[in-house]
Amino acid sequence: ESAKKGGFRFYMEKEIYEQFEVLKENTLGRNTKEGIKFEEVDKKFFEGINNIIISACGTSYHAGLVGKYLIERDAKIRVNVEVASELRYREPLLSQDTLFIVISQSGETADTLETLKMAKKAGLKTLALCNVDNSSIVREADKTILLRAGIEKGVASTKAFATQVMTLWMLSNYLANKNEYYAINEAIEVTKVDTSLHEKIKRLSKRYTKGHGFFYIGRDIFFPLALEGALKLKEISYIHAEGYPAGEMKHGPIALADPDLYVVALLSKNILFDKTKSNIEELVARDATVLTISSEYIEMTDDFIRINETNHPMVEFFEMMVITQLLAMEVAIRMGNDVDMPRNLAKSVTVE
Ligand code: G6P
């Protein structure tokens, strides 16, 4: 068993460390100097598409939200991201100029699969971003782009999420005829886990096992990353955590701020830096305990983790992603939990 974990304490830890290799695999032959290439789809498949609906659950849903920011901004195609269990029963208006994308690690999530069937029945083109070939979702979808994350054992998804976001980034480039070859490679590079950073996070984690809850805050693509960071922590540490848009804290949640409220602030240097910084200031002024993750040092918060300087927000995204995964894991390990088998959760939810 321990050999299978490759010397790591948990599969989750192994999978976090694997992300660098997995992302290389995910982008192999797809991210090229001449632009994005997908063997699985061609430009014709996207003809006549004016809208995109993304349907998914859990972590895959969070990846979808990142996709919305990227695709709308770069490809100028309207994107709606839907939680599959809601979409399924709300009698949505589905028009045939809409591409229906489902995102799923397992390819077996019941609600996601049902929305896919619903979209097909309505005559929409369907595309699956999935990690398991020959799964129910792959068999049902018109086209599939495989995530190539390898088998993911940890119930809390890490490397699959990384490949989902990366695939959506490539898809956005593809649809926009944009070439970010070097930025994509840079983003892969920063997922290589730095062991001294990991040690720092281990030390930091002792401060974050108490309190009355966490907020993860960020703007733009860092908002879905905040949702995902909070979900990771909830899943394995059983501590209450919420992801929130940084600018929305003042509309309610800031009432919770006191020294026992922990905030993880995802402070991008490239997107809305000053605005996010002033949101952090507001929380500091109300005595919340704040950990900032940024390439730009800010003195005012209790803890600070520095990421590399870059001028691409997606590079920041991937580096922050790894940090939030390690933080959730270290807090949970410190609390004595089995991070691979969190209570009450299943890796794949094939029933409603
Ligand atoms: C379960 C897992 C999550 C996952 C979600 C969606 O809840 O515990 O980690 O994100 O299902 O799964 P899928 O396989 O469709 O991505």
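Everything discussed here concerns the structure shown above.
Reference entry: report on the structure contained in this document. Every value quoted in this text rests on a predicted model; they were computed, and no experiment measured them. (Residues numbered from 1 in each chain as written. Predicted model: local features only at pLDDT ≥ 70, side-chain atom pairs only at ≥ 80, totals over all residues.)

Moving on, we get to the site of the ligand. Taken together, the neighbourhood of the ligand is formed by 15 residues, with Gly-58, Thr-59, Ser-104, Ser-106 and Thr-109 sitting nearest. Ranked by residue count, the leading element in the shell around the ligand is helix α2 (residues 58-75), at three residues. Its residues placed into classes, the shell around the ligand shows four nonpolar, ten polar and one charged. (Near = placed C-beta within 6 Å. Helix = DSSP H or I, 4+ residues; strand = E, 2+ residues; numbered from the N terminus. Nonpolar A, V, L, I, M, F, W, Y, C, P; charged D, E, K, R; others polar.)

It is worth spelling out the pairing of strand β4 (residues 78-83) at this point. When strand β3 (residues 51-56) meets β4, the two strands line up parallel, connected through six bridges. Counterpart to Ala-56 in the pairing with β4 is Val-83. In this fold, β3 hands off to α2, which returns the chain to β4; that crossover is right-handed. (Pairing = 2+ DSSP bridges. Right-handed = clockwise from strand over helix to strand, strands pointing away.)

On to the environment of Ile-145, then. Turning to its location among the elements, Ile-145 is positioned in strand β7 (residues 143-146). Accessibility expressed as a C-beta count within 10 Å gives 22 for Ile-145, which makes it buried. Apart from residues lying up to four places away in sequence, Ile-145 is in contact with Phe-38, Glu-40, Val-41, Leu-129 and Thr-167. (Buried ≥ 20, exposed ≤ 12 C-beta atoms within 10 Å, placed from the backbone. Contact = placed C-beta atoms within 7 Å.)

Before going further, it helps to spend a moment on the packing of α2 against helix α6 (residues 159-176). Geometrically, a packed helix pair is captured by the angle between its two axes and the distance between the axes. Close contact between α2 and α6 brings their axes to 9 Å; oriented N to C, the two are set at 20 degrees. Classified by the angle their axes make, α2 and α6 are roughly parallel. Viewed along their axes, α2 and α6 form a crossing whose handedness is right-handed. On α6, the residues touching Thr-59, Ser-60, Ala-63, Val-66, Gly-67, Leu-70, Ile-71, Asp-74 and Ala-75 of α2 are Phe-161, Gln-164, Val-165, Leu-168, Trp-169, Ser-172, Leu-175 and Ala-176. (Axes fitted to C-alpha atoms, helices over the stretch in contact; angles between N-to-C directions. Parallel < 35°, antiparallel > 145°, perpendicular 65-115°, else oblique. Left-handed = near helix turned anticlockwise from the far one by under 90°.)

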